[in-house]
Structure formats: C-alpha cells, structure tokens
Amino acid sequence: MKRVLMKIKKGIWIVPAAYSIVSLGLAILTISLDTYWIHRIEPFIPTVMLTSIDLAQTVLSAIASSLLTMTTFTFSTVMIVLTTYSSQFSPRTLQNFVKDKTTMRGLGIFLGGFIYSIISLLFMRQSLEEHLVSSAFIGVLYAIVCLSFFAYFIHHIATSIQISRLIQRLEEEALKVITYYKKIQNEHSVRPYIDITDEYGVTSEIPAAKSGFIQYVDFSEMINRAREERVLIEFMKEVGDFVKEGETICEVHGAKDALPHFNPYIYIGRERMGEYDLAYSLQKIVEIALRAVSPGINDPNTARDAIKYIGLILSDIHGIEDGILHMKDNDGSTRVLIHLFSFNKILYQTFYQISHYSKEDISVILSIMDALIMIYKAVDIERKHIVYDFHKYLIHGMEKEEMQEWDLYYLNEKIDQLKPLDSQE
C-alpha cells in the first residue's frame, strides 16, 4: 500500500485530477438541480442567481473558452520555468517545481473550471426553456476564483524563478531529511560496531529486484516482519546508493534456512528522492553553485549564497551520530542494522566538486571557508578535527603562489578561525 501511495505522491497529475473530479461532481450537482429541483426551490433563491437558458449558454461558452486559454497559458509558463530550471540551475531541481502545490493547484483549478463549463453546456437541454437555471451564476463565481488564482499564480511564478527562493526550498527539504534522521536515531541507538549474536547461525543475501537507486526503506514494516521471523537484517547499502539487479542490498541473519523475503520493503527507482536522502538534497544546491561558477554563466555571487546555505544545513547535523544504527523492535531486540549517516562522507561529497571547479575564484573559496567555520562552531570536538583536516585538503588544492597579497590576507584570516584544538587549548 505504501508503494502505491509513494507513486501517487510522485505523480504530478494527482492534484489536477482531483480538482477536475471535484469540478465534474459540481457540474453534475448543478445539472441535477437545474433539471429536477429548480422548480421547487426557485421561490427561495435570489433572482440574481438565476438566468435564462440562452444567457446561461452564452456565459458558460465564454467561460469555457477563456479558461481553456488560461490553461494553455499556464502550461506554457510552466514549461518555460522548467526549461529555465534545467538550463540555469540544475535538472535535479525540476521535481521541486513540478511538485509545487501552487503550480499544480493552478492547473487543477483552470482545468476544473473548463470541465464544469463544458459539462454544464452539454447537458443543458431545451426542455429547460420554461425554467431559469443556476449554472451560469455558479460558473461566474468559479471564473472569479480562477481569475483571482491566476493573478496569484503569476506572482508565484515570478518569485519561484528567483534563485534565492529555489535555494530556500532546497534548504527546507534538506532540513526535513535531517529531522527525519534525528527522529530515527532518537527512537533507536547508534553504535560504532555491528553486534550480531551467536543465535543467528544462517545468513542469506537479499538481492536487488531491479537496477536503480534505493529511494526509501520502510523500516517500521521491516522491523515488524523481522520480529515475526526472529531474524536480523544487516544492510550492505545505504539510502541513495545505486544498485544493480541481483546485487546484494542486505543480509538476513537467522536460525533457520527458510528466511523471509524483504524486497517489498525496499523501494528502488530510476531516480533519487530528496525526501530521505540528505546527500541528494545537498547535491541540488551544490549543482546550483557549480552552474553559477561555470564560464557560461559566471555568477559567483549566486555560488556564494548557495555555499552559505550549505554551511547552514551542515551546521544543523550536530544531533546526528556517525556509526551503525541498531533499530530495535518493541521487545528491545535489534532487528535492522544500517549505516545511515557519515559526517566525513557528507562533508567531502558536498564540497569536493565546488572546491575543484572554483579554486581560481577567491570569493568562492572564502565562502567555502565561511561555511566550514559555521560548521566548525556547531559540531562536537571529534568533528571539529574532521572539519580542520578538510580545510587543509581544500587549501592544498589551491595555487596560493598566484594569489595577490589581499587575497592571502583574507584567506589567512579565515584559516585562523579553524585552528586545531590543541593550539586553542
């Protein structure tokens, strides 16, 4: 069931389809009202809400054609924004705009208004000539809602295409993943080692059902199933890793040969998902910075802003521990082992491309140093050493001999804030 819900969640057609269905229901309700009940409730309805059949057909025809034009314009605008996102920012950010609620609601409302108008026209019979109808009045109200939302949609598009707004949404996505990691670790325990007792004498490998990225693991259902079967599951891969069909994802340790099949709880897809993959959420911001420092765009200020937000995100991971996550069932028995987070790996994967492609731009290098200082001040002592070592890796890749005196002055000023702990003591 969760697999179906995740596919529905990823589909961009869900919201427009829901609005279209609601509009179809409204059209059926209005047609039934005008056909069967209008002569009974007409004395109780204000005159302004009722029109003749000819006027209703004229009004609904105008609304239907106008809303179809608005829908076409909206679709064209969305395609232009998607092209801009892909060429200027990153192809990985397309999903963030496509899944935006305001965008999908706009398409849904305009499609729904067209469906209401065209269905009402289709079933408006000549037998209604002797009665007044309410379809036109409801259509006018719907058109006013559509116009109001259209104005808001234009404002939303104008703000969404701004790079600062996109980075903000990507930052919120990454912080949600961090909150997800913290919640899992608070519910379970993290240890620096794998603890497998002697009661599990039989080991079986679980191969990948298909090739792709590990998007999500349903840990709660997997733990319940492992508890029923009295087994321990040890993951060889992490969420976000690419696996080939038949490659081992995890091992199941049990006391008997007949081991359960856990593939239904592991979701593999053709693309990564930022909702559960911190490295991928950060990768989107990294790609924005890389595009900004490329010769074709040459916008280092955008890269600097993106790097500052990366530092803000990584400075918030102080509550996530490194090591093997031991996930326990309700009885306190360990059922799942997985390496969910690595500070070293996240730090390297986030900055190594930026440092390579921007090593000749001192402004970007200084922004990376600012981000490292931000992280350095937020993490514990052990990770401070890691950040300090990483800054030496960053400096080693630079050509300091070709830097000007002022560049070296401000660079050394940043380096002084990352002194090793021994010298601080």
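Residues numbered from 1 in each chain as written. Predicted model: local features only at pLDDT ≥ 70, side-chain atom pairs only at ≥ 80, totals over all residues. Heavy atoms only, no water.

Tallied over the full model, the rule gives 18 aromatic pairs. Seen from their ring centres, Phe149 and Tyr152 are 5.9 Å apart, and the 65° between their planes marks the pair as edge-to-face. Here Phe149 and its partner Tyr152 are both found in helix α6 (residues 135-160), 3 residues apart, which amounts to about one turn of the helix. Under the relative-accessibility criterion, Phe149 is labelled buried at 15%. Pairwise contacts between aromatic rings join Tyr180, Tyr181, Tyr216, Tyr267, Tyr276 and Phe341 into one cluster. (Phe/Tyr/Trp six-rings, centres within 6.5 Å; stacked < 30°, edge-to-face > 60°. Helix = DSSP H or I, 4+ residues; strand = E, 2+ residues; numbered from the N terminus. Buried < 20%, exposed > 50% of the residue type's maximum accessible area, 1.4 Å probe, protein only.)

Our focus in this paragraph is the sheet that holds strand β7 (residues 266-269). In spatial order, the strands read β5-β3-β7; together these 3 strands make up an open sheet with antiparallel pairing. Each of the sheet's edge strands pairs with one partner strand only, and the pair in question is β5 (242-243) and β7. Sheet analysis places strand β3 (residues 212-217) next to β5, joined by 2 bridges and oriented antiparallel. Counted as the bridge partner of Gly212 is Val243 from β5. (Pairing = 2+ DSSP bridges.)

Let's shift gears to the packing of helix α12 (residues 362-378) against helix α14 (residues 405-416). For the pair α12 and α14, interaxial distance at closest approach is 10 Å and the crossing angle is 10°. Taken together, α12 and α14 sit at an angle that is classed as roughly parallel. Touching Ile362, Ile365, Leu366, Met369, Asp370 and Ile373 of α12 are Asp407, Tyr410, Leu411, Lys414 and Ile415, all from α14. Looking at the contact of α12 with α14 residue by residue, the class counts come to 8 nonpolar, no polar and 3 charged. (Axes fitted to C-alpha atoms, helices over the stretch in contact; angles between N-to-C directions. Parallel < 35°, antiparallel > 145°, perpendicular 65-115°, else oblique. Contact = heavy atoms within 4.5 Å. Nonpolar A, V, L, I, M, F, W, Y, C, P; charged D, E, K, R; others polar.)

Another aspect to go through is the sheet that holds strand β9 (residues 334-341). Taken in spatial order, the 6 strands line up as β1-β8-β9-β4-β6-β2 in an open sheet, and their pairing is mixed. Pairing within the sheet leaves two strands with one partner each, and these edge strands are β1 (189-191) and β2 (202-207). Averaged over neighbouring strand pairs, the angle between their axes works out to 25° when direction is ignored. Most of the contacts of helix α8 (residues 219-229) go to β9, to which it runs at about 150°, and overall it touches β4 (232-235), β8 (323-328) and β9.

Pairing is possible between side chains of opposite charge, provided their charged atoms come close. The full count for this structure, using the stated rule, is 11 salt bridges. The closest approach of N and O atoms between Asp331 and Arg227, which form a salt bridge, is 2.9 Å. Remark: Arg227 occurs in helix α8 and Asp331 occurs in the loop between β8 and β9; sequence separation between them is 104 residues. Two residues, Glu247 and Lys237, come together in a salt bridge whose shortest N-O distance is 2.8 Å. On the criterion of sequence distance, the pair formed by Glu247 in the loop between β5 and β6 (248-254) and Lys237 in the loop between β4 and β5 is long-range, its members being 10 residues apart. (Salt bridge = Lys/Arg side-chain N within 4 Å of Asp/Glu carboxyl O.)

Looking now at α12. Over its 17 residues, α12 extends 25 Å from the first C-alpha to the last, a length consistent with the 24 Å expected when each residue adds 1.5 Å. Every buried residue of α12 is listed here: Val364, Ile365, Leu366, Ser367, Ile368, Met369, Ala371, Leu372, Ile373, Ile375 and Tyr376. (Expected span 1.5 Å × (residues − 1).)

Right, let's talk about the nonpolar core for a bit. Formed by 112 residues in total, the largest nonpolar core has its most connected members in Phe235, Leu278, Leu347, Phe351 and Leu372. A total of 11 residues in this core trace back to one element, the largest contributor, which is helix α3 (residues 53-89). Apart from the residues lying within four places of it in its own chain, the contact partners of Leu347 are Leu314, Leu372, Ile375, Ile386, Val387 and Phe390. (Core = buried A, V, L, I, M, F, W, Y, C linked by side-chain atoms within 4.5 Å.)

This brings us to the layout of surface pockets. There is about 400 Å³ of room inside the second largest pocket. Around the second largest pocket, the lining comprises 21 residues; the ones closest to its centre are Arg272, Asp277, Ala279, Lys345 and Gln349. For the lining of the second largest pocket, the secondary-structure elements that each account for two or more residues are α9 (278-293), β9 and α11 (343-357). Its residues placed into classes, the lining of the second largest pocket shows 10 nonpolar, 6 polar and 5 charged. (1 Å grid on protein atoms, 1.4 Å probe; cavity = no way out; pocket = protein on both sides within 12 Å on 5 of 7 lines; lining within 4 Å. Points joined across faces, edges and corners; volume = space filled by probe spheres on them.)

Summarising burial for β6: 6 of the 7 residues are buried, a large majority. Here β2 runs beside β6; their pairing, made up of 6 bridges, is antiparallel. The residue bridging Ser204 from the neighbouring strand is Val252, located in β6. With 4 bridges joining them, β4 and β6 adopt antiparallel strand pairing.

With burial as the criterion, each face of β7 is covered, one bearing Ile266 and Ile268 and the other bearing Tyr267 and Gly269. As paired strands, β3 and β7 are joined by 4 bridges and run antiparallel to one another. Along β7, the bridge assignment pairs Phe213 with Gly269.

A grouping of Leu29, Tyr36 and Trp37 is seen on the molecular surface, where their side chains present a nonpolar patch of about 370 Å² in accessible area. For Trp37, the location among the structural elements is in helix α2 (residues 14-41). (Patch = residues over 30% accessible without salt bridge, like charges linked within 9 Å, V, L, I, M, F, W, Y side chains within 5 Å. Areas by Shrake-Rupley, 256 points an atom, 1.4 Å probe, with all protein chains shown as cover.)

Caution applies to low-pLDDT regions: their predicted coordinates should not be interpreted in detail. Looking at the protein as a whole, the pLDDT averages 83, with 90% of positions reaching at least 70. The element-level mean pLDDT for the protein is lowest in helix α15 (residues 421-424), coming to 51, with β5 highest at 92. (pLDDT = per-residue confidence, 0-100.)

What follows covers the environment of Phe137. Position of Phe137 relative to the elements: it lies in helix α6. For Phe137, a relative accessible area of 25% translates into the label partly exposed. Considering only alpha carbons, one finds Phe137 and Lys176, 39 residues apart in sequence, at a separation of 44 Å. Excluding anything up to four places from it in sequence, Phe137 contacts Val48 and Met49.

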